[in-house]
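What the coordinates show
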Amino acid sequence: MKKLITVAVTGFEASASAQAATAICRCLRASVSFEGRIIGLTYDPYTPAAYEPGLLDAAHLIASPRAGRGKFLAELRKMKEKDGIDVLIIAHENEYPHILREEIELLGIQTLLPDATAKESISRKNIIDLSKDLRIDIPTTYVAESLPIAWAQANAIGYPCFLKSTQDSRSFVTHSDEETTIIYQSFLADGYQTVLVQGMLRGETITVHGLASQGGGWIGGAAVKKIAPAHSGSTWGGVTVDMPDLLQNTEKIVRYAGWTGPIEVDFLHEEDLNRCTLIEIRPGYGSMVSFLHPGGMNLPELGVRLALGENLSQTPSPIPGILTFRYSEDLLSDMSAFAAFSVTREVHHDGHND
């Protein structure tokens, strides 16, 4: 990337949890070949990344595509005219159903997005068919379309087990019929009747981060073993591992779906059985993508190059054994910056490309 470009990244939120949007921006900043500007598209003035020195060149408050695609596109069009956005990166997995590549490209902005068929192929409600077609093991999994069916399936699997939404990324552990009722009714209140009931396995979670060119061309990927889990279910660290079988399975999923762009695939490694089981597929980069860069793989930078039309050959996986930890840090700003951002809906920082 020799040309000075502007990349906009969605998905910044006011949250204490690690966010993919922040990890993506840190990868781009760390790239020796990226010389462009980074604009953060945020949904809340309390988003810490908007005030973090050195991360963004600008931040804009924008309507979330999940709240309405039309308004999101209208505001994005104005930003394109003002800031000359070249590439849009979708950072939140729940945004994928609401953003269409064709609509973004009509604005003159390039992006890496799969088509509707590819999105459907990797969706939770199709994971049973995918596992059968590709001969990849998954935990015992059933599709429930009513509460009595969910009760029967959960009891057949045995408590505790998972109840998973088939429309978004929500997943809950249930220990009894009473808890199953509460969780199922919360899905039903949001208009989602079909859920997955899935067995719980014990083992280490290994996440494969992959990247695909248009229509399922495999660019490369890497496996990260999650370590130091938190009570919330997130993780404080990870280590790159050499797991070629998992990379091959992820490549099979990418080609099967005709996927375009980044993808995350979670496997559960049962060391005593020497078995890995597919447990989750998510669109996007994920908050651990920055763990790969110290080992020599910068997937967001490669993704920008793909979006701009560059032909890339397959990229080798990063060095195994690179250990990375997250840590929390207080971010200091001032009320004037927050007030200005809340009123003008934009903030600009200087100093990245002087």
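Reference entry: report on the structure contained in this document. In this text, all values refer to a predicted model and were calculated from it rather than measured experimentally.

With that settled, consider the sheet that holds strand β3 (residues 58-61). An order of β5-β4-β1-β2-β3-β16 is seen for the 6 strands of this open sheet, with the pairing classed as mixed. If you trace the sheet from one side to the other, it starts and ends with β5 (110-111) and β16 (346-348), each paired once. Lying over the sheet, helix α9 (residues 299-307) contacts β1 (6-12), β4 (87-89) and β5, oriented at roughly 135° with respect to β4.

We now examine the sheet that holds strand β9 (residues 195-199). Strands pair in a sheet through their backbones, by hydrogen bonds, and they do so in one of two ways: parallel or antiparallel. Judged by pairing direction, the sheet is antiparallel, and its 4 strands sit side by side in the order β6-β9-β7-β8 without closing on themselves. Two strands close off the open sheet at either side, each with one partner strand: β6 (141-144) and β8 (171-174). With strand direction ignored, the average angle separating the axes of adjacent strands in the sheet is 25°. Of the strands in this sheet, β6, β7 (161-165) and β9 are in contact with helix α6 (residues 147-157), which crosses β6 at around 170°. Each of β7, β8 and β9 is contacted by helix α7 (residues 177-189), which is oriented at about 160° to β8, the strand it contacts most.

This part is about the packing of aromatic side chains. This structure, assessed with the given rule, holds 2 aromatic pairs. For the ring pair Phe-172 and Phe-187, a centre distance of 6.0 Å and an interplane angle of 45° mean the geometry is tilted. Linking Phe-172 in strand β8 with Phe-187 in helix α7, this pair joins segments that are 15 residues apart in sequence. By relative accessible area, Phe-172 is classed as partly exposed at 35%. Judged by relative accessible area, which is 0%, Phe-187 ranks as buried. Directly above the ring of Phe-162 sits Lys-164, whose terminal nitrogen or CZ lies 5.6 Å from the centroid.

So, how was this worked out
- Numbers given to residues run from 1 along each chain, matching the order in which its sequence is written.
- With the structure being a predicted model, the display of local features is reserved for residues of pLDDT at least 70 and the display and counting of side-chain atom pairs for 80 or more, all residues being used for whole-chain, interface and lining totals.
- Values shown for side chains rest on all heavy atoms present in the structure; no hydrogens or waters enter the calculation.
- Any two strands with at least two DSSP bridges between them are considered paired.
- Note on conventions: DSSP H or I runs of at least 4 residues are helices, E runs of at least 2 residues are strands, and numbering of each starts at the N terminus.
- Residue contacts are defined here by distance: any two heavy atoms, one from each residue, within 4.5 Å place the two residues in contact.
- Interaxial angle, 0 to 180 degrees, is taken between N-to-C directions of lines fitted to C-alpha atoms, where a helix line uses only the stretch in contact.
- The criterion for an aromatic pair is that two Phe, Tyr or Trp rings (for Trp, the six-membered ring) have centres within 6.5 Å, with stacked assigned to planes under 30 degrees apart, edge-to-face to planes over 60 apart and tilted to the rest.
- Categorising residues by exposure relies on relative accessible area from a 1.4 Å probe, with only protein chains included: less than 20% of the type maximum marks a residue as buried, more than 50% marks it as exposed, and the intermediate range marks it as partly exposed.
- The rule for a charge over a ring is simple: NZ of Lys or CZ of Arg within 6 Å of the ring centre, and within 35 degrees of the ring normal.

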